[in-house]
Amino acid sequence: MEKKEEPECSCAEVDDSSKDEFQELLRTLEQRVNWDGLPLVKYCGCWLLVMLFRPIIAAQNHFKAKDTDIILTTMPKSGTTWLKALTFSIANRNVFPIDQSPLLTSNPHMLVPFLELNIYKEQDNPDLETIPSPRIFSTHMHFKMLPDSIRETDCRIIYICRNPLDQLVSHIHFSSQNNFGKDADPVAIDEAFDMFCQGINSFGPFWDHVLGYWNAHLENPGKVLFLKYEDLKEDITSQVKKIAEFMGFPFSLEEEEQGMIDQISGLCSFESLSNLTVNKRGDINGILKNSSFFRKGQVGDWTNYLTPAMAERIKKLMDSKFEGSGLMFNT
Ligand SMILES: Nc1ncnc2c1ncn2[C@@H]1O[C@H](COP(=O)(O)OS(=O)(=O)O)[C@@H](OP(=O)(O)O)[C@H]1O
């Protein structure tokens, strides 16, 4: 079968209701196997996991954002779990005292659902309407692929990204911990690194993902907050304050004096969450181990796995891809 011209982000026009038509569309698009063994499909210039392709299109077609929603957007392995814990805690600090937080017994991914996981169809999820505001959802979609209602309503988007070298190393380990396929051995790392540089990885290309949200943030900073994992690591207090203000839930002076920011930061820290029984032993739908979301939580761990030559290649790529954008990551 002939390959179709790649759609110019006409994603919302695809009908997700007929399985056969959808399979037909899938067959016309470029596909690759990711370095971890999972099939990828290229759509609107983005490499998506085949297993999430139809749910993503359905989310685009059906998800109705509300003005009060908060949408967390990330590339995988960039701080999603941390951001979920923080935003959930900020929004619910007057509902649950810190020592009774649902985070103590539930993995953050159970408290803040992914749009990609079939939670967007009201007929399938009548409770979606009744979730108290603010509803918090997350997605790995590129900015240009987001459901129109997210861009068109007053809902707010919080994006977090991470140095590409650490993001890649984190992803390689995540895949091997969940037995997706290949171990994080040197061969797999070489292959993963090369595919990453070509932009072929889940939700890649990295550069396009980050630039999409960076430009959206520059255009409308009140709509899109742009965060870096490394900045949260460096100064969590100021970042938590910034996130709370952006969400429309600023800390009062009284809360600050009572140490509320420190309490939330402490509860959501890597050390705290990774030591909870639920995150040591549980799993998500029997597929993903909760423990695989908490590995080291460090900046610069890539130096233990990637060579200086690899870092140089990424640096050159960043120089050319981000040129003139004002965006940069320290390696
Ligand atoms: N609370 C907290 N604080 C700091 N760092 C944390 C935290 N929770 C998770 N992590 C680290 O984030 C990496 C996982 O990324 P994501 O949460 O984006 O993964 S996922 O996309 O949701 O699968 C992964 O990074 P690496 O340790 O480098 O692999 C996790 O350890």
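- Looking up the chain in an unreviewed UniProt entry gives the name Sulfotransferase, with the organism given as Sesamum alatum.
- Checking UniProt for the chain, the heading Sequence similarities (unreviewed entry) contains the comment "Belongs to the sulfotransferase 1 family."

**Quick look at the overall build of the chain**
Alright, step 1. For the chain, the count of helices and strands is 15 helices and nine strands.
Alright, step 2. Radius of gyration (C-alpha) of the chain: 20 Å, near the 20 Å computed for a compact globule of 331 residues.
Alright, step 3. In terms of its C-alpha atoms, the chain occupies a principal-axis envelope of roughly 65 × 50 × 45 Å.
Alright, step 4. Residue burial in the chain is summarised as follows: out of 331 residues, 54% are buried.
Alright, step 5. A fraction of 74% describes how many contacts in the chain between residues 6 or more apart in sequence connect residues 24 or more apart.
Alright, step 6. A total of about 15100 Å² of accessible surface is found on the chain, and carbon and sulfur atoms cover 49% of it.
Alright, step 7. Looking at the chain, you have 33 positive and 47 negative side-chain charges, and the mean spots of the two groups are 4 Å apart.

**A short note on the site of the ligand**
Alright, step 1. Surrounding the ligand, one finds 21 residues, the nearest of these being T80, T81, S170, K296 and G297.
Alright, step 2. One of the side-chain nitrogen or oxygen atoms of R295 is found 2.7 Å away from an oxygen atom of the ligand.
Alright, step 3. Residue K296 places a main-chain N or O atom 2.6 Å away from an oxygen atom belonging to the ligand.
Alright, step 4. Burial of the ligand by the protein amounts to 98% of the accessible area it has alone, namely 630 Å².
Alright, step 5. When residues of the shell around the ligand are assigned to their parent elements, the largest contribution, three residues, is made by helix α3 (residues 80-91).
Alright, step 6. Here the residues of the shell around the ligand sort into eight nonpolar, nine polar and four charged.

**Describing the sheet that holds strand β3 (residues 46-49)**
Alright, step 1. Read from one edge to the other, the open sheet built from three strands follows the order β1-β2-β3, with strand pairing classed as antiparallel. The open sheet has two free edges, formed respectively by β1 (31-33) and β3, since each of these has just one partner strand. Across the sheet, the axes of successive neighbouring strands diverge by a mean angle of 35°, strand direction being ignored.
Alright, step 2. Two strands pair when backbone bridges link them, and strand β2 (residues 39-43) and β3 are joined in this way by four bridges, in the antiparallel orientation. If you follow V41 over to β3, its bridge partner there is L48.
Alright, step 3. Strands β1, β2 and β3 of the sheet are contacted by helix α2 (residues 50-62), whose axis makes an angle of about 105° with β3.

**Describing the pairing of strand β7 (residues 224-228)**
Every other side chain in a regular strand lies on the same face of the sheet, so the side chains alternate between the two faces.
Alright, step 1. With five of five residues buried, β7 is to be regarded as a mostly interior element.
Alright, step 2. Of the two faces of β7, the one holding V224, F226 and K228 and the one holding L225 and L227 are both buried throughout.
Alright, step 3. Where strand β6 (residues 156-161) meets β7, five bridges bridge the pair, whose relative direction is parallel. Within the sheet, the bridge partner assigned to Y159 lies in β7 and is F226.

**Thoughts on the nonpolar core**
Alright, step 1. If you look at the biggest cluster of nonpolar residues, it comprises 66 residues, and the most contacted ones within it are Y43, L48, F53 and I150.
Alright, step 2. Top element by residues in this core is helix α8 (residues 206-219). It accounts for seven residues.
Alright, step 3. Once residues lying within four places of it in the same chain are set aside, the contact partners of L48 are P39, L40, V41, Y43, F53, I56, M145 and F203.
Alright, step 4. Grouped together as the second largest cluster of nonpolar side chains are 36 residues, F88, L225, I261 and L267 included.

Conventions we followed
- Residues numbered from 1 in each chain as written.
- Predicted model: local features only at pLDDT ≥ 70, side-chain atom pairs only at ≥ 80, totals over all residues.
- Heavy atoms only, no water.
- UniProt positions renumbered as here; feature names shortened; annotations may be inferred.
- Helix = DSSP H or I, 4+ residues; strand = E, 2+ residues; numbered from the N terminus.
- Rg over C-alpha atoms; globule rule 2.2 N^0.38 Å.
- Buried < 20%, exposed > 50% of the residue type's maximum accessible area, 1.4 Å probe, protein only.
- Contact = heavy atoms within 4.5 Å.
- Areas by Shrake-Rupley, 256 points an atom, 1.4 Å probe, with all protein chains shown as cover.
- Lys, Arg positive; Asp, Glu negative; His and termini not counted.
- Charge placed at Lys NZ, Arg CZ, Asp CG, Glu CD.
- Near = heavy atom within 4 Å.
- Polar contact = N/O pair within 3.5 Å; in protein donor to acceptor, adjacent residues only side chain to side chain.
- Nonpolar A, V, L, I, M, F, W, Y, C, P; charged D, E, K, R; others polar.
- Pairing = 2+ DSSP bridges.
- Axes fitted to C-alpha atoms, helices over the stretch in contact; angles between N-to-C directions.
- Core = buried A, V, L, I, M, F, W, Y, C linked by side-chain atoms within 4.5 Å.

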